[in-house]
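Take a look at the letters that make up each chain.
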There are 4 protein chains.
Amino acid sequence: MDIIVLRPGASSKELHNITKKLESKGFKANISKGTERTVIGVIGDTSKITEEESSAFEAMPGVEKVHRIIKPYKLASKDFKPEKTTIKIGENIIGGKKIHVIAGPCAVEDKATLLKIAQEVKKAGATFIRGGAFKPRTSPYSFQGLGEEGLKILAEVRKKTGLPVVTELMDPRDIYLILKYADVIQIGARNMQNFRLLQEVGSHNKPVIIKRGLSATIKELLMAAEYIMAQGNNNVILCERGIRTFETETRNTLDLNAVPVLKNLTHLPVIVDPSHGTGKWDLVAPMAKAAIAAGADGLMIEVHTNPADALSDGEQSLKPTKFKALMKELKLIAKAVGREI
Amino acid sequence: MDIIVLRPGASSKELHNITKKLESKGFKANISKGTERTVIGVIGDTSKITEEESSAFEAMPGVEKVHRIIKPYKLASKDFKPEKTTIKIGENIIGGKKIHVIAGPCAVEDKATLLKIAQEVKKAGATFIRGGAFKPRTSPYSFQGLGEEGLKILAEVRKKTGLPVVTELMDPRDIYLILKYADVIQIGARNMQNFRLLQEVGSHNKPVIIKRGLSATIKELLMAAEYIMAQGNNNVILCERGIRTFETETRNTLDLNAVPVLKNLTHLPVIVDPSHGTGKWDLVAPMAKAAIAAGADGLMIEVHTNPADALSDGEQSLKPTKFKALMKELKLIAKAVGREI
Amino acid sequence: MDIIVLRPGASSKELHNITKKLESKGFKANISKGTERTVIGVIGDTSKITEEESSAFEAMPGVEKVHRIIKPYKLASKDFKPEKTTIKIGENIIGGKKIHVIAGPCAVEDKATLLKIAQEVKKAGATFIRGGAFKPRTSPYSFQGLGEEGLKILAEVRKKTGLPVVTELMDPRDIYLILKYADVIQIGARNMQNFRLLQEVGSHNKPVIIKRGLSATIKELLMAAEYIMAQGNNNVILCERGIRTFETETRNTLDLNAVPVLKNLTHLPVIVDPSHGTGKWDLVAPMAKAAIAAGADGLMIEVHTNPADALSDGEQSLKPTKFKALMKELKLIAKAVGREI
Amino acid sequence: MDIIVLRPGASSKELHNITKKLESKGFKANISKGTERTVIGVIGDTSKITEEESSAFEAMPGVEKVHRIIKPYKLASKDFKPEKTTIKIGENIIGGKKIHVIAGPCAVEDKATLLKIAQEVKKAGATFIRGGAFKPRTSPYSFQGLGEEGLKILAEVRKKTGLPVVTELMDPRDIYLILKYADVIQIGARNMQNFRLLQEVGSHNKPVIIKRGLSATIKELLMAAEYIMAQGNNNVILCERGIRTFETETRNTLDLNAVPVLKNLTHLPVIVDPSHGTGKWDLVAPMAKAAIAAGADGLMIEVHTNPADALSDGEQSLKPTKFKALMKELKLIAKAVGREI
């Protein structure tokens with residue numbers, strides 16, 4: 001069901017053309033003439049009308065606006081699948097009672113550093129190690145990651161600690177490399193609408209964490225998930241990581257409202273990245289706690305043994321001691337909302 | 001200390017004019033010639049340089065940019081007063097260990113309704129009653145509030161329940177009316193930069209809750225507090241209530257990052273309004289819990305016995321039963337962060 | 001005509017309650033049951049439904065969303081009055097073929113400076129002098145304007161140059177003072193939703209320039225105009241002056257799209273302020289030209305004989321020589337779009 | 001030259017650590033102790049400090065903030081190359097006196113339609129044909145383009161009309177296909193920070209139009225250009241196409257301020273896309289005129305013979321008759337600013 005509102009003074013010929021076009025596409029038109037506007041209710045399965053067709057109706061003479069009633073995503077929608085999705089990765093189930101914390105450095109730098117960080121975060125209660133081998137950097141002159149070398153280090157650290165590996169895919173040409181080493185593929189915020197990349201990860205069965213784009217609406221995040229699911233991969237985890245607003249005290253504005261909104265709209269698990277979301281290490285702890293209180297299924301937190309020497313994002317990384325203290329606090333919050341870490 | 005960056009190729013005469021102007025205002029200029037830019041460090045008490053003087057320097061030939069190092073607010077700053085401010089209102093202390101919940105309808109409608117709501121929220125643990133007698137409405141055709149009649153109802157309800165009254169001042173001409181009936185004056189988001197109104201409430205000693213404007217930065221919120229404090233009234237409570245972003249799933253984007261950021265910058269108490277902040281009743285509970293977890297000193301929550309008949313903001317009001325259930329959950333969260341409700 | 005969309009699975013009792021409530025308010029309900037959603041078309045004069053009543057419907061059990069079809073403003077709407085409004089101020093007609101340029105300093109500083117500026121801008125082709133006697137400053141420590149002294153200087157300068165005076169009203173308590181001296185009252189961006197101030201200027205017949213708020217939508221700007229017009233004053237001029245976005249290269253983002261959008265929606269004249277809109281003097285000329293090309297009826301431009309000594313907004317003021325050169329260019333653009341300056 | 005501001009109360013040991021770290025990287029530290037803050041001026045070629053290193057300094061104990069003085073882009077900067085870049089494509093020079101108009105449908109649909117459109121726009125004065133063979137669609141269920149078939153149609157239409165072809169590259173795996181058929185490669189807004197794609201087009205010599213991302217700052221657009229240029233391809237054209245703001249009357253907010261701002265910062269040509277920038281066909285003409293008045297070097301305009309049947313973006317496409325009328329008006333504006341079409 002969609003609604004087409006006509007301009008005041010739309011002619012009966014314009015109305016006729018619209019209803020004819022609707023009928024040619026298999027819909028019925030329910031016309032209501034109000035005192036100020038004429039409105040057409042479109043009867044039929046309008047979920048099959050694409051955004052493009054809808055916009056073409058908006059281009060027709062006499063049309064003021066098209067209101068869409070049906071959500072443009074289906075597989076990702078709770079209407080379609082009301083029960084929560086859980087995703088099993090090794091021993092870990094994401095989307096269940098247990099809240100998972102994915103921790104590690106922004107970029108993989110060397111084996112000794114990563115191993116040390118992994119051991120520390122595991123001891124504190126983290127259940128996944130993260131680290132980038134391919135890094136999307138705003139400057140071409142910045143460190144771009146170690147590439148396959150970094151992936152190998154991740155795999156070795158997994159072997160030693162048992163922590164499954166989360167790492168980012170930036171380029172469809174690297175998919176088999178990533179599939180070989182990673183347990184969970186991360187799609188970064190800047191690639192949330194890199195539709196070819198989404199189709200690529202949708203064609204495999206590996207779990208995917210998709211991060212919300214800096215200026216992506218919640219609906220667009222769900223459409224990105226839909227892209228992956230439409231290829232057959234239902235193992236999708238959504239990640240809020242801060243949106244771009246006018247505020248400059250934080251690097252981004254971590255939008256925790258997205259957590260309960262997504263919980264209302266989708267069956268997919270939702271996690272939060274307060275490190276990128278705020279861009280400042282001293283905001284990570286309060287926002288991590290708030291994320292759990294708001295209902296998140298997990299967290300992604302940057303930890304580095306020596307933030308001031310990190311090759312990237314040092315200003316938002318926690319030291320292991322701070323991370324350990326935070327994990328203790330998170331356990332209390334998790335319990336207060338009926339969950340566990 | 002401010003920093004003036006010169007354009008590449010700025011002439012020595014331009015540099016001379018800038019240093020002369022600085023000296024005429026009592027400052028010293030510390031000139032560093034780098035390989036790509038010349039930079040002037042301004043030595044002296046630059047906190048006295050107004051934004052206007054700073055912008056005038058930016059207008060001088062040869063200047064590329066002025067970086068301000070000193071915060072433009074002082075009385076509101078933690079640099080100036082490191083210990084937390086607490087505000088005593090009757091028996092209640094805002095800014096201490098106890099978290100306060102201010103509850104009530106958006107607008108005062110009639111005595112029976114308000115009394116009923118006040119009794120319910122008090123039973124659930126709220127410590128203040130809120131309700132607007134003067135309402136800032138985006139449409140001139142909407143209900144504008146009962147005026148003094150509404151204030152009288154608030155006062156009667158206070159008498160019966162003991163709950164202190166929070167109500168909004170919209171017009172400096174109403175100040176004495178509000179002072180007569182209210183325990184706390186609320187300045188609404190749309191008036192956050194109504195500087196005359198700020199000066200007016202600054203001239204009295206009554207506690208003030210100032211709500212962050214829809215597009216106000218955290219710095220501007222602190223400047224608004226500074227306006228009030230510069231007149232002598234230090235009883236200022238800051239309230240995050242949602243900012244305007246591109247996202248449309250929520251009416252506003254409640255910016256919980258503002259809580260820890262403000263805690264870093266100011267000694268003033270910080271509360272959160274998840275009702276206006278999200279605009280949807282089913283988001284109030286998760287975001288209220290998240291606000292406490294993030295460190296807020298209090299909450300402002302809309303409660304109405306019959307949201308579907310409320311004269312305003314029905315879609316974001318909780319029914320008393322839902323409010324009661326929320327208060328129970330909030331107590332657990334408060335305890336988890338070492339506080340109480 | 002409004003549209004109420006029900007949640008999937010809404011009960012027939014919920015549907016019944018909604019239609020009953022509609023009928024109690026004098027509307028008819030046209031129910032369409034689609035394959036995925038049930039939709040209620042509200043038949044009757046829904047322009048009388050306030051935002052509050054609409055939001056109360058949204059709070060009813062079973063309701064997913066209310067789509068409003070009718071615009072919430074009426075007097076300001078082209079639907080209501082298709083022919084363009086023109087406003088006569090002395091010899092000048094705003095909203096006609098001739099494009100008017102309002103020029104002058106941000107704040108009135110002293111008589112000699114203002115007179116000099118007025119003479120220069122008049123010579124270059126400006127038809128109004130602007131200057132603030134009451135200044136809304138973000139810092140309480142900034143120059144707040146000369147008050148009545150400034151208004152007297154403006155009146156004297158008008159006497160000597162014949163240029164009508166545009167000046168800002170910040171406080172309803174100053175209305176009679178402003179009425180005494182000004183030819184056009186300006187409502188600043190930060191007061192666009194100071195509803196009491198709008199009602200005050202609506203109660204007199206003096207022309208009003210209302211500036212779009214930093215985070216105001218175009219619809220909200222029209223609602224602010226509606227507030228003034230609802231009191232009886234139809235002499236309203238709308239002014240685009242930049243909105244707040246994430247971009248930091250400009251102080252604000254001058255939104256020239258607002259010009260043709262407003263021309264589609266309203267009969268009121270539309271002017272543009274490229275000085276505040278960009279915050280940088282070297283962007284004023286290109287954006288002033290673009291504003292005329294986009295269809296603006298006038299411009300408001302800051303001019304100061306000595307920007308580096310201006311008491312406010314020096315970095316966005318043009319010197320008279322630059323202003324003169326710009327006016328020449330503007331004449332060519334005006335001619336190219338079939339108008340004149 | 002960068003500036004490091006210390007927190008109030010930073011210890012002398014913290015200061016020592018910072019200066020030691022600076023010296024280890026080959027810089028000198030110029031320390032100024034003000035009354036309220038200590039500030040370190042970093043002496044040396046700070047343009048080599050990456051964002052990551054800068055952020056690592058911000059993570060050091062005692063540091064409040066790092067102010068960067070040097071622009072992070074170099075090859076794209078006017079500081080580096082003051083004279084304007086012109087790009088020759090066939091007979092056409094972009095960035096010179098002549099303003100170029102690139103016109104055509106959003107997507108290539110079939111040969112007859114594209115040829116008809118190409119002939120019409122050529123007759124009206126357009127100098128390039130545009131059309132997508134690979135389309136980035138927000139829904140996986142929308143028409144995704146004809147692929148190579150579409151590219152072949154573009155090449156045939158070029159052969160018949162002589163108009164060079166502009167078409168989008170979405171996936172680095174398609175680069176050789178695009179190189180084979182296109183005269184100019186377009187990088188879409190959603191791929192502006194798809195860094196691997198940027199590196200790919202940077203490795204060939206084909207001219208590139210890079211569109212500003214929906215939430216990209218002007219600085220980030222220049223960094224994206226820098227990515228391409230750092231690989232050796234200097235034939236980069238920047239395109240403003242609307243940013244995401246809170247306003248909903250337009251699909252995006254076309255930010256014409258970007259035109260003069262970019263002209264101040266870079267030597268690269270700047271064009272404007274008012275079709276995507278506004279999303280509504282009736283705003284295309286006024287904003288196209290405004291873009292020329294603001295100083296743009298070209299326009300990209302969607303034209304379709306039958307917008308209501310277009311497979312994408314019908315609501316923002318002009319019919320050939322409207323396009324022809326617009327071209328006439330644009331010629332007048334171009335002349336008024338000393339250029340030609």
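Residues numbered from 1 in each chain as written. Chains lettered and ligands numbered in written order. Predicted model: local features only at pLDDT ≥ 70, side-chain atom pairs only at ≥ 80, totals over all residues.

## Examining the overall build of chain A
Then, in step 1: Helices and strands together make up the secondary structure of chain A, namely 11 helices and 14 strands.
Then, in step 2: The dimensions of chain A, computed from C-alpha atoms along their principal axes, are 75 × 45 × 40 Å.
Then, in step 3: Residues classed as buried in chain A amount to 61% of the 341 residues present.
Then, in step 4: For chain A, restricting intrachain contacts to residue pairs at least 6 apart in sequence, the fraction spanning at least 24 positions comes to 67%. (Helix = DSSP H or I, 4+ residues; strand = E, 2+ residues; numbered from the N terminus. Buried ≥ 20, exposed ≤ 12 C-beta atoms within 10 Å, placed from the backbone. Contact = placed C-beta atoms within 7 Å.)

## As for the environment of Lys74(B)
All names here are of chain B.
Then, in step 1: Along the polypeptide, Lys74 turns up in the loop between strand 4 (63–68) and strand 5 (87–89).
Then, in step 2: Overall, Lys74 belongs to the partly exposed group, with 16 C-beta atoms counted inside 10 Å.
Then, in step 3: Through-space distance from the C-alpha of Lys74 to that of Lys289 is 32 Å; in sequence the pair is 215 residues apart.
Then, in step 4: For Lys74, the residues in contact, after removing those within four places along its chain, are Ser47 and Phe80.

## Quick notes on the domain arrangement of chain A
Then, in step 1: When its domains are assigned, chain A resolves into domain 1 (2–68) and domain 2 (87–336).
Then, in step 2: The gap between the C-alpha centroids of domain 1 of chain A and domain 2 of chain A is 43 Å. (Domains from an automatic or database assignment.)

## Remarks on the relation of the copies chain D and chain B
Then, in step 1: With an RMSD of 0.1 Å, chain D superimposes on chain B once it is rotated by 180° and translated 0.0 Å along the axis. Here the transformation between the copies is reduced to the relation of a two-fold axis. Residue Phe246(D), judged by its C-alpha, is the member of chain D lying nearest the rotation axis, at 2.2 Å. (Least-squares fit on C-alpha atoms with pLDDT ≥ 70 in both.)

## Describing the interface of chain D and chain A
Note on interface size: it is often stated as the accessible area lost on association of the parts.
Then, in step 1: If you look at the interface, chain D gives 46 residues, while chain A gives 46 residues.
Then, in step 2: Elements supplying a minimum of two residues to the side of chain D that touches chain A: helix 2 (51–58), helix 6 (195–202) and helix 7 (218–230) of chain D.
Then, in step 3: Considered class by class, the residues forming the side of chain D that touches chain A number 20 nonpolar, 12 polar and 14 charged. (Nonpolar A, V, L, I, M, F, W, Y, C, P; charged D, E, K, R; others polar.)

## Quick look at the sheet that holds strand 8 (residues 128–130) of chain B
Residue and element names in this part refer to chain B.
Then, in step 1: Ordered by their spatial adjacency, eight strands build a closed barrel running 7-8-9-10-11-12-13-14, and the pairing between neighbours is parallel. Averaged over all neighbouring strand pairs, the angle between strand axes comes to 25°, with direction disregarded.
Then, in step 2: Where strand 7 (residues 100–104) and strand 14 (residues 298–302) come together, five bridges link them in parallel fashion. Paired with Gly104 across the bridge in strand 14 is Glu302.
Then, in step 3: Set on the sheet, helix 4 (residues 148–161) makes contact with strand 8 and strand 9 (165–168); between it and strand 9 the angle comes to about 165°. (Pairing = 2+ DSSP bridges. Axes fitted to C-alpha atoms, helices over the stretch in contact; angles between N-to-C directions.)

## Regarding the interface of chain D and chain B
Then, in step 1: Listed per partner, the contact involves 22 residues of chain D and 22 residues of chain B.
Then, in step 2: Looking at the side of chain D that touches chain B, the elements that each hand over two or more residues are strand 1 (2–6), strand 2 (28–33) and strand 3 (38–43) of chain D.
Then, in step 3: The dominant element in the side of chain D that touches chain B, judged by the number of residues it contributes, is strand 3 of chain D, at three residues.

## Quick notes on the relation of the copies chain D and chain A
Then, in step 1: Expressed as a screw transformation, the operator carrying chain D onto chain A has a rotation angle of 180° and an axial translation of 0.0 Å, and the superposed copies differ by an RMSD of 0.0 Å.
Then, in step 2: A share of 100% of interface residues in chain D that are also interface residues in chain A marks the association as one of identical surfaces.

## Here's the deal with the sheet that holds strand 2 (residues 28–33) of chain C
In a beta sheet, neighbouring strands are held together by backbone hydrogen bonds and run either parallel or antiparallel to one another.
Residues and elements named next belong to chain C.
Then, in step 1: The four strands are arranged 2-3-1-4 in an open sheet whose pairing can be described as antiparallel. Each edge of the sheet is formed by a strand with only one pairing partner; in this case those strands are strand 2 and strand 4 (63–68). Here the average twist between neighbouring strands, direction ignored, is 20°.
Then, in step 2: Inspection of the sheet shows strand 1 (residues 2–6) paired to strand 4 by five bridges, in the antiparallel sense. Bridged to Val5 within strand 4 is Lys65.
Then, in step 3: Against the sheet, helix 1 (residues 12–24) engages strand 1, strand 2, strand 3 (38–43) and strand 4, with an angle of about 10° to strand 3.
Then, in step 4: Along the sheet, helix 2 (residues 51–58) contacts strand 1 and strand 4; its crossing angle with strand 4, the most-contacted strand, is approximately 155°.

## Examining the pairing of strand 3 (residues 38–43) of chain B
All names here are of chain B.
Then, in step 1: Within strand 3, five of the six residues are buried, leaving the element largely enclosed by the surrounding structure.
Then, in step 2: Pairing analysis gives four bridges linking strand 1 (residues 2–6) to strand 3, with the strands arranged antiparallel. When the sheet's bridge partners are listed, Asp2 is paired in strand 3 with Val42.
Then, in step 3: Two strands pair when backbone bridges link them, and strand 2 (residues 28–33) and strand 3 are joined in this way by six bridges, in the antiparallel orientation. From the neighbouring strand, Ala29 faces strand 3, where its bridge partner is Val42.
Then, in step 4: As consecutive antiparallel partners, strand 2 and strand 3 are separated by four residues.

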